[in-house]
Every structure is written in C-alpha cells, then in structure tokens.
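A look at the structure
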Amino acid sequence: MRTAVIGGGAAGFFLAVNLKEMMPEMDVTIFERSQHVLSKVEVSGGGRCNCTNSFAQVRDLSQVYPRGHRLMKRLFNVFDHEAAYKWFERHGVPLVTQDDECVFPAAQDSHAIIGCFLSLARQYHIQIITATKLQSLTDVSSFDFVAVTTGGSPKGEGLRWLAALGHETEPPVPSLFTFTIADERLRALQGLVANSAVTHIPGTKFRAEGPLLITHWGMSGPAVLKVSSYAARYLAEHDYQASLSVNWTGLPEAEVQMALGEMTFRQPQKQLPTYNPFGLSQRLWTFLLQRALSARSSVRWGELSKKDMNRLVNVLTNDSYQIAGRAVFKDEFVTCGGISLRAVNPVTLESRHVPHLYFAGEVLDIDGITGGFNFQAAWTTAYTVACSIARFCRV
C-alpha cells in the first residue's frame, strides 16, 4: 500500500511519521513544492517553534480557534495538546511550558523539531521529493491514498484544483498580522510594550488582550495578532482600513477612574509625569498624558479638572487609532479559509467527493490565534488522517 503526502510541512511530516508507526509496511512519499522542507517550522516562534500550548487558560476552544473550533473539539478526543506534548517528549524532544502557557522545545530552537522529523523520516524510509508542485491527482494515480497538507493559500491558487474536484472552499485571507498605524508620534515609541493591553475594533465583538508592542510601522504583539485573527474576514472586507481602540491599562474604566482619583487625593502636589499608577513605561505614560491633556500634561495631580480627568480616562481605556493596512512585511504565517469543513468527513477528514483523499493542517478552514494553537491543529488533524488511513487498511 502506498500513500502520497502532498505538501510536506509540519502537518505532512507528522502525518507521514505517525502513519509509518501505525503501519510500518506502508510506503509513504512526501512531495514538497519548495527546495527546502519545514522552512515554516524553522522561522516560527522567532526560530524557537511554539509547538503547542498548555490550554490551561482556555475555557472554550472558540477562544483560540476563530474558525474550526467545533471540529477541533471533536478531534481532540483523538489527539489533543497533552498527547502532542507526550509525543514529542517520547520522540526525543523535551518541551517546556512558559508562564504564558506557550510550549517550546527545551532547547529553544526550532531545529529540535525539524531534526526530530527528519531523523524519523530517515529511520522509517519515508521518501521526500522536493521542488515538486503537484496540482492533480493524476500525478499520484499510482498511490492508494493521498493526503493534502499544502498549508495556507493566501491567493487561492493552491485551492483551484481541489475546488475543480467538487470541494467547497472558503475564500482565503491572511490572519495573524500586525497593523500599520499612520501616527508618527506613536511610531516614535517603537520598542515599547504595554504588557496588559486590550484591543477592540469598535462596532464589532472583536476584542483581544495581552502584550502590545509599538513598532516603527505601527502595532504588533499578541493583543494585535489575536484581534487580527478574530477579525481576519472583517478586516479583509474593509481593505484593512478600520478603527482600533486600545485600553493601555487592561482595566475597566471605573477602576482607572478610581485609581486616578486616589492619586489626586494622595499625591496632589506631584506632577503627572512623575508617577503613574498603572505600571506603564515612562515614555508611554508621557505620550498618553500629552495625547489626553496636551499643554496641561505636566500639571500637578491636585490640579486636574473634571474635564482633564475624563480625557485622561478615555485615552487610557479607549484610545483610538486608524488602521492603515497590514504591515508591509511578509510576516503573516497563517491563512484564514481553505477547504471548507463541509467538504470532509468530520471523523476521518476524508474528502466527501473523492474516496481515499484526505486533508490535514492549514489547507483546511481551521486557524487559531497566536500561542502554538495552529501547530496543535496541524498535529491533531495529521494524526487523525494517519489513524483513518491505518484503520481503513486494517478493515
């Protein structure tokens, strides 16, 4: 029996290795369109590969999978984050869980994951053919099973041959990207981080929290990447032109009002720039004071008028910026959209239109927020396909 894995990548290698472990007699070939394999794994997580998450802070999978959470909940019964953690450690890759619940190789190097996959591929005699772009089942007609793990297709061209076979598709658009903000005063603060920010797109339910990084093009960090994931389709439909509200403190408006009120009572003679009760960096605090109060940004706490107080509270909790587009860099590694989940069997991930054709990874309309959730989706769907093929062969 022979299986062709079209696309390679994280999902492709994970599928191939697990299928060989389940069925040593299976002949498995990976077809990779580029010259190099696992290049996306190599650069992920800043070169460290955030390979999964502890899910300790996840109450519902819809929090971390804006698209595909229902299917992921079902498939977690087959292979979840705990199974992934054990799998990598069992295969010689010790892992470590950070304070933010992100899981990385203990070596803090993506090559620990890459080396594991390549070593197992050699051990199991998995053939790897690079620089080969396949877009037709006739190219793999000699194989008994075909698994498509081609990843995201931002422009949609990689989905056309699959759509021609009858598969429903969801229009692909980028997800997990940073925002260009055309505010020179803000961008002058590049490198500063607000550790507990909340971002919100006004008029929608799209909201995220976490560290926010000010860059020389605008904003980045988890608070931005998460909201870009939640609002991926909305932002695409609006040509990446939208308002963005930032709560720099991460606190409710009433708590901010109370904290500022206490400052006017306890430290009335101190000037505003000399102390802030929210742990913001001095440069950011000074910037926000000037943004809210302009020429009055250096008055004493006891000199704040009611109007001053309201303006300051508003800037701290509901600061408004205009998104002028996605960042100019090609830093989006995730695509929202792909093969519609209606086109696959939710138990086996086999095509409903072509027998013995399976899908795993980002080619499916499943995507997650930043934090290791997309790699977990790759492991879960790939393992499910490996189980499905092995189970079919044993019947």
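Scroll up for the structure.
Residues numbered from 1 in each chain as written. Predicted model: local features only at pLDDT ≥ 70, side-chain atom pairs only at ≥ 80, totals over all residues. Heavy atoms only, no water.

**What to know about the overall build of the protein chain**
A count of helices and strands for the protein chain gives 13 helices and 16 strands. Across the 395 residues of the protein chain, 54% fall into the buried class. Across the protein chain, contacts joining residues at least 24 apart in sequence account for 76% of those joining residues at least 6 apart. Measuring between centres, the 37 positive side-chain charges of the protein chain sit 4 Å from its 35 negative side-chain charges. (Helix = DSSP H or I, 4+ residues; strand = E, 2+ residues; numbered from the N terminus. Buried < 20%, exposed > 50% of the residue type's maximum accessible area, 1.4 Å probe, protein only. Contact = heavy atoms within 4.5 Å. Lys, Arg positive; Asp, Glu negative; His and termini not counted. Charge placed at Lys NZ, Arg CZ, Asp CG, Glu CD.)

**Quick look at helix H10 (residues 253–266)**
Relative to the 20 Å expected for 14 residues at 1.5 Å per residue, H10 spans 20 Å between its end C-alpha atoms, a close match to the ideal helical length. Summarising the contacts, the buried residues of H10 are in contact with helix H12 (306–318). (Expected span 1.5 Å × (residues − 1).)

**Some points on the sheet that holds strand E3 (residues 52–53)**
The strand order E3-E5-E4 describes an open sheet built from 3 strands, whose pairing is antiparallel. Both edges of this open sheet fall to E3 and strand E4 (95–97), since each of them pairs with a single strand only. Pairing of E4 with strand E5 (residues 102–105), which is carried by 3 bridges, proceeds in the antiparallel orientation. Residue Leu95 lies in a different strand from E5, and its bridge partner there is Pro105. (Pairing = 2+ DSSP bridges.)

**With respect to the pairing of strand E15 (residues 334–339)**
Most of E15 is tucked away: 6 of the 6 residues are buried. Two strands pair when backbone bridges link them, and strand E8 (residues 169–175) and E15 are joined in this way by 5 bridges, in the antiparallel orientation. The residue of E15 that forms the bridge with Glu170 is Gly338.

**Some remarks on the sheet that holds strand E10 (residues 193–200)**
The 6 strands lie next to each other as E9-E12-E11-E10-E13-E14, forming a closed barrel whose pairing is antiparallel. Across the sheet, the mean angle separating the axes of adjacent strands is 50° when strand polarity is ignored. Note that strand E9 (residues 179–181) and strand E14 (residues 319–326) share 3 bridges and pair antiparallel. In the sheet register, Ile181 faces E14, and the bridge partner there is Ile323. (Axes fitted to C-alpha atoms, helices over the stretch in contact; angles between N-to-C directions.)

**Here we look at the packing of helix H1 (residues 9–22) against helix H5 (residues 111–123)**
The interhelical angle for the contact between H1 and H5, taken along N-to-C directions, is 40°, at an axis separation of 10 Å. Classed by the angle they form, the pair H1 and H5 counts as oblique. Seen along the crossing, H1 lies across H5 with a hand that is left-handed. Where H1 abuts H5, its residues Ala10, Phe13, Phe14 and Val17 lie against Phe117, Leu118, Leu120 and Ala121. (Parallel < 35°, antiparallel > 145°, perpendicular 65-115°, else oblique. Left-handed = near helix turned anticlockwise from the far one by under 90°.)

**Description of H12**
Taking 1.5 Å as the rise per residue, H12 with 13 residues should run 18 Å; its terminal C-alpha atoms sit 17 Å apart, in good agreement. Along H12, the positions that sit buried rather than exposed are Asp308, Met309, Leu312, Val313, Val315, Leu316 and Thr317. Each element contacted by the buried residues of H12 is listed here: strand E13 (242–247), H10, helix H11 (282–293) and E14.

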